[in-house]
Number of protein chains: 2
Amino acid sequence: VPGNPDAPDLIPAILRGDLRQAAKLITRIERGDSVPSDLLRSLYRAGGKSQVIGITGAPGSGKSTVIDQLLTSYRRAGKRIAVLAVDPSSPISGGAILGDRVRMQRHATDKGVFIRSMSSRGALGGLAKATGDALTVLDAMGWDMVLIETVGVGQNEIDIVRYASTVLLAETPSSGDAVQSVKAGVSEIGDIFIVNKADQAGADRRVQGISAMLHNAPGKSGWFPSVHKVDSISGNGIENLMSCIDAHAKFLMTHTQARKERLLQSVKHQMLWIMQERLARRVLRAPQPVISEAELDALLARRTDPYELAENVTVGHDF
Amino acid sequence: VPGNPDAPDLIPAILRGDLRQAAKLITRIERGDSVPSDLLRSLYRAGGKSQVIGITGAPGSGKSTVIDQLLTSYRRAGKRIAVLAVDPSSPISGGAILGDRVRMQRHATDKGVFIRSMSSRGALGGLAKATGDALTVLDAMGWDMVLIETVGVGQNEIDIVRYASTVLLAETPSSGDAVQSVKAGVSEIGDIFIVNKADQAGADRRVQGISAMLHNAPGKSGWFPSVHKVDSISGNGIENLMSCIDAHAKFLMTHTQARKERLLQSVKHQMLWIMQERLARRVLRAPQPVISEAELDALLARRTDPYELAENVTVGHDF
């Protein structure tokens, strides 16, 4: 069975970059099927060689076309790249995002590119946990780069890009004040800001606005985020953006403390999501119910409450 | 300080329906400020009198106009109603949903109606936990009914309506096959299905399609979900819908086992969200770091991994 996580030859297959096995395993992860943590642990320890880049931004910020341009340029430079497009919505509203995927499809026949989208249906631990597991698989496969794309619409999606060592935030000249107000929270995780659709009116003003905001924010352990104008349709500004991505990677290489600080932030979140998933399996799926018949009766009579019941759940060593 | 959760007179104020205090407390909950669980526990135990109705559906299904009609009709019947509109998105994409709110605004000057929206920014335990806490506050205030509205775009939003004792699922004749495919998961939590915009072509076919799907699904401990055509603009079908909501409430009143089964499902999820939030505070906010400097070094060298580190986190009795 391809992708069977108990198959003895699955780890070597992933490590040598077997696309079919990897895709099947990621599907299992996405569906929320139980994947042995031993397998993920082995893959994680074998990985760490891919350069992981995260890109987020509101719908309409043109993330997909930026990625399309980056793919073209990095491929020209001989890099092998995987893209993990994380879609927080279910199929109900997923149309627009799946439509965006089409723009990247011209890379679909290129064996040096692997594009994979992921949505949250079924994943008991949520999309964030599943994204980390999928990244573990892609990283173990030995891609030169892994790009993680998320729609920046909520705290969860924003937190997901923490898996990346370099985080790009995309917006447009017409991104309004609503976006600005969110940026207070977002700016602390962005390494590089992109003002896309730079041919539109107001691009320079937008760059100035972001620069002013960044000026007031503290630097991130020595790295000062920069702002880049990009026209992802024509490709203008992409070379410049790539140089900056490169500079950030070099910065992390030479600044161990900065590297550790962001790893700490990232792994704290990943650990939380791993633990939260385990908790969900315990509370929602365990054979022994988490509350007794008597407790349920007490709840109906309002003699107890969910807050008290939650405190009484025994979380064994297995947790 | 209004809404100060440590103020001794806050509980009596909420119980007598003080709008200002309740609104401030819900804001604290929404922002993810720490609200003492003692306070929530007292409010929960004092509550349980409101009829809680959940309504979910994809964007464009006309949930807000259905609610608008329900508000008008229930107000005519003398009921006092609170609406909790749960918006999973951040301000970035929140425009459309906030726009919908406007339709309900004609009730804004009616003292028998309280409309409150909630989004997820800041809530460490996620929107689901915060929604439960807000519902605890509203329920304690003594409203005859509380309507919870969520956009049905992900598992999380679907799970949130479990707080309700009666769950309405809204769709339209033009809801496509994509929606249908999701329904497999959604149908198990819906008590009443609404085909809104029933003046559009295909309404009867949609009703038949849902009925056929429900026919294949097992009944929910004796309750068989029904399908109702509604035109929420003209109000046609609303009386019929209200009768069915009433019938479901009576069903739960007389079927203790069914009532217990859905309470069990609901409270299991609520307990999980309470525990997950506590876990998040421990992992992300605790004064003592969850991983040591040595563990971080081992992680950088890939001698350990987040899965192993997560297993080693000590979760004390306070958890």
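Coordinates for the structure precede this section.
About the cut-offs
- Residues numbered from 1 in each chain as written.
- Chains lettered and ligands numbered in written order.
- Predicted model: local features only at pLDDT ≥ 70, side-chain atom pairs only at ≥ 80, totals over all residues.
- Heavy atoms only, no water.
- Contact = heavy atoms within 4.5 Å.
- Buried area = accessible area lost by both parts, 1.4 Å probe.
- Salt bridge = Lys/Arg side-chain N within 4 Å of Asp/Glu carboxyl O.
- Polar contact = N/O pair within 3.5 Å; in protein donor to acceptor, adjacent residues only side chain to side chain.
- Phe/Tyr/Trp six-rings, centres within 6.5 Å; stacked < 30°, edge-to-face > 60°.
- Helix = DSSP H or I, 4+ residues; strand = E, 2+ residues; numbered from the N terminus.
- Buried < 20%, exposed > 50% of the residue type's maximum accessible area, 1.4 Å probe, protein only.
- Lys NZ or Arg CZ within 6 Å of the ring centre and 35° of its normal.
- Core = buried A, V, L, I, M, F, W, Y, C linked by side-chain atoms within 4.5 Å.
- Pairing = 2+ DSSP bridges.

A. Looking closely at the interface of chain B and chain A. Taken together, the contact pairs 61 residues of chain B with 61 residues of chain A. Note on chain B versus chain A: buried area summed over both sides is about 6,200 Å², and carbon and sulfur give 69% of it. Linking chain B with chain A are 14 salt bridges. One can count 23 residue pairs in polar contact (both at pLDDT 80 or more) joining chain B with chain A.

B. Quick look at the packing of aromatic side chains. For the structure shown, the criterion picks out 6 aromatic pairs over all chains. Arranged with centres 6.0 Å apart and planes meeting at 5 degrees, the rings of F114 of chain B and W143 of chain B form a pair that is stacked. Taken together, the residues F114 of chain B in strand β3 (residues 113-119) and W143 of chain B in the loop between α6 (126-141) and β4 (145-151) connect sequence positions 29 residues apart. Judged by relative accessible area, which is 11%, F114 of chain B ranks as buried. Geometry around Y44 of chain B places R302 of chain A over its ring, the cationic atom sitting 4.0 Å from the centre.

C. Examining the nonpolar core more closely. Core analysis: the largest hydrophobic core is formed by 127 residues, its most contacted members being I14, L25 and L138 of chain A together with I14, L25 and L138 of chain B. With 11 residues, the top contributor of residues to this core is helix α11 (residues 256-285) of chain B.

D. Inspection of the pairing of strand β5 (residues 166-171) of chain B at higher detail. Residues and elements named next belong to chain B. Most of β5 is tucked away: 6 of the 6 residues are buried. With burial as the criterion, each face of β5 is covered, one bearing T166, L168 and A170 and the other bearing V167, L169 and E171. Looking at chain direction, strand β1 (residues 51-57) and β5 are connected through 5 bridges and run parallel. Following the sheet pairing, G57 is matched in β5 by A170. The pairing of β5 with strand β6 (residues 192-195) spans 4 bridges and is classified as parallel. The residue of β6 that forms the bridge with E171 is V195.

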